[in-house]
Amino acid sequence: MTTLFLYMAVYLLPAFLLSHLALDVLLRNPRQVEHRLLSLFVFGYAMLFLVEFGRHLSPIDASPAFVTYWFGNAGILIFVCSVHFIVKVTGVGAKLPKWLYPYVIYLPLIPVALTFIRQENILNSQRFDQVGPWIYPEFNVSYLTTMTVGNVFHFLIIVLLMYALKRADRHEHQRVLRMLIWTAVVVLVWDVIFGYFQFRGVMPPYAYMYGGLVWTVALVVAMNRLDFLASYAKRYGTLYNLNPSAILLVDDTGRIESANPAARTLFHTVRVVNERFVDLLPEKKRDEWCEHYAQHFNAQKKFLEFETKIQTKSGQERYVVIDGDLRRGVTRSEITGTKSRMTSFWRRRRDD
C-alpha cells in the first residue's frame, strides 16, 4: 500500500495536474494553433507520467510494451509539438518556405509509424531491472542516441529563444523570454544529469521527466504573460472596454443588458443598462426604428446604413447610421455617425 501511494504521488498526481493544464490551455482558444500545440505538448508529458504509473503497477515483463507503444511515442509527440510551438511563437516559421514548414518538423513521427508496422522499438531500451520500488531501463545505444538528439534540439530551442529576445522590443516580452531562456538552460542541465545517469535506488527512472514538468509550467506561465493564451472572453473584454465605439448588448425585448464605457459617454449617462433602446431615440424616430428592426430581426437578415437619430440624456440629438448583422443567438449592429460611433448587440432569448 505504501508503494502504491508513492507511485500516485510521483506519477499519478503530476499526470492529473498536467492533463488539467492541457485542457485549460486548449479551451482558452481551441482555434488558435499556439493553443493546440501547447496543449498537445503538455498532454504528452501527462502521458509520460501516466505510463510510468501503469508500468510500475504491472509486471516487469510488461515494461517493454509500455515503453514501445506508449512512452516512446508520447516522447516524440512532445518533441515535435515543442519545436513547432517555439518556431511559431518566435516568428521563425514565417521566414521558412511553405513547402518546408511545418512539415519538416513532423518527420520524427516516422518512427512512430515504424513502431506499429514492425512491432518493435528502435528508440528505447527493451531490458529492465528492478531496484526497490523502481523499474529501471538498461542504458543502451538506442536510449543514449535518443537522449542525445533530444538534448541537441533542446539546445536549439534555447538558440531560438535568444533570437526572439534579440527581436523583442517590449520590456515585458524581454523579461519573459529571459525567464524562458534561463528555465530552458536549467532544464537542459537537469536532462543531461538525470538523462545520462540513473541514480538507481535514489531517483525514479526517467527522472528527466521532472525537468520537462518545470519546462511545461514555465511555457504556460510565459505565454499567459505574453498574452498568447488569452481566452476569447479576455480578448472580447479588452475590445469591449477599450473600443472607441459605443457597444450595447440588447435582449429581444429591446432592453439593454450591457454597455461599454464609450456607450455611457455617447448617451451622457452612466445609467444605460436596463433602459429600453427605443427610449434612447427621439419620439418621431421610434416607430420607424421598431418597424425596421423587427422586420430584419425576425427575418434574420442584416441591414446596412439605416439612418436615424439617438437622443442623449441631456436632450441632444445625434444623427447615426446603423449597420446590423444578425447572428444566431446574438444580433450585432454597428451604428456610425459623423460625431459618434456605436455598436449594439441584440440577444435572442428563444432558441432559433
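Provided above is the structure to which this section pertains.
Residue positions are given per chain, counting from 1 as you read along its sequence in written order. Given that the model is predicted, a residue must reach a pLDDT of at least 70 before its local features are reported, and side-chain atom pairs must reach 80 or more before they are shown or counted; all residues, however, enter totals for whole chains, interfaces and linings. Just so you know, side-chain values use all the structure's heavy atoms and leave hydrogens and water out.

### What about unusual backbone geometry?
- Residues tyrosine 101 and proline 102 are joined by a peptide bond in cis, for which omega reads 5 degrees.
- Going along the chain from the N terminus, every DSSP run of H or I of four or more residues is numbered as a helix, and every run of E of two or more is numbered as a strand. Secondary-structure assignment places proline 102 in the loop between helix 3 (63-89) and helix 4 (110-118).
- A positive phi is found at tyrosine 206, a non-glycine position, where the angle reads about 55 degrees.
- The residue tyrosine 206 is located in the loop between helix 6 (171-196) and helix 7 (209-225) in this model.
- What makes tyrosine 206 buried here is its relative accessible area of 4%.
- Positive phi values are uncommon outside glycine, yet asparagine 274 reaches one of about 75 degrees.
- Examined against the element boundaries, asparagine 274 turns out to sit in the loop between helix 9 (261-266) and helix 10 (283-299). Note on exposure labels: buried denotes an accessible area under 20% of the residue type's maximum, exposed denotes more than 50%, and partly exposed covers the range between, all computed with a 1.4 Å probe on protein chains only.

### Here we look at helix 2 (residues 33-57)
- In a regular helix each residue adds 1.5 Å, so 25 residues correspond to 36 Å; helix 2 covers 36 Å between its end C-alpha atoms and thus fits that length.
- With 19 of 25 residues buried, helix 2 is to be regarded as a mostly interior element. What a helix should span is 1.5 Å times the count of its residues minus one.

### Some details on the packing of aromatic side chains
- We call Phe, Tyr and Trp rings a pair once their centres come within 6.5 Å, taking the six-membered ring for Trp, and we label the pair stacked below 30 degrees between planes, edge-to-face above 60, and tilted otherwise. Following the criterion strictly, the structure yields 14 aromatic pairs and no others.
- For the pair tyrosine 143 and tyrosine 206, a centre-to-centre distance of 6.4 Å together with 45 degrees between the ring planes defines the contact as tilted. Taken together, the residues span a long stretch of sequence, with tyrosine 143 in helix 5 (residues 141-167) and tyrosine 206 in the loop between helix 6 and helix 7 at a distance of 63 residues.
- A residue is classified by how much of its surface remains accessible, and tyrosine 143, at 4% relative accessible area, is buried.
- On the basis of an interplanar angle of 45 degrees and a centroid distance of 5.2 Å, the ring pair of phenylalanine 194 and phenylalanine 199 is categorised as tilted.
- Relative accessible area serves as the criterion here: at 15%, phenylalanine 194 is assigned to the buried category.
- Of the residues examined, phenylalanine 199 reaches a relative accessible area of 39% and is grouped as partly exposed.
- Taken together, the aromatic side chains of Phe71, Phe139, Tyr143, Tyr206 and Tyr208 make up a single cluster linked through ring pairs.

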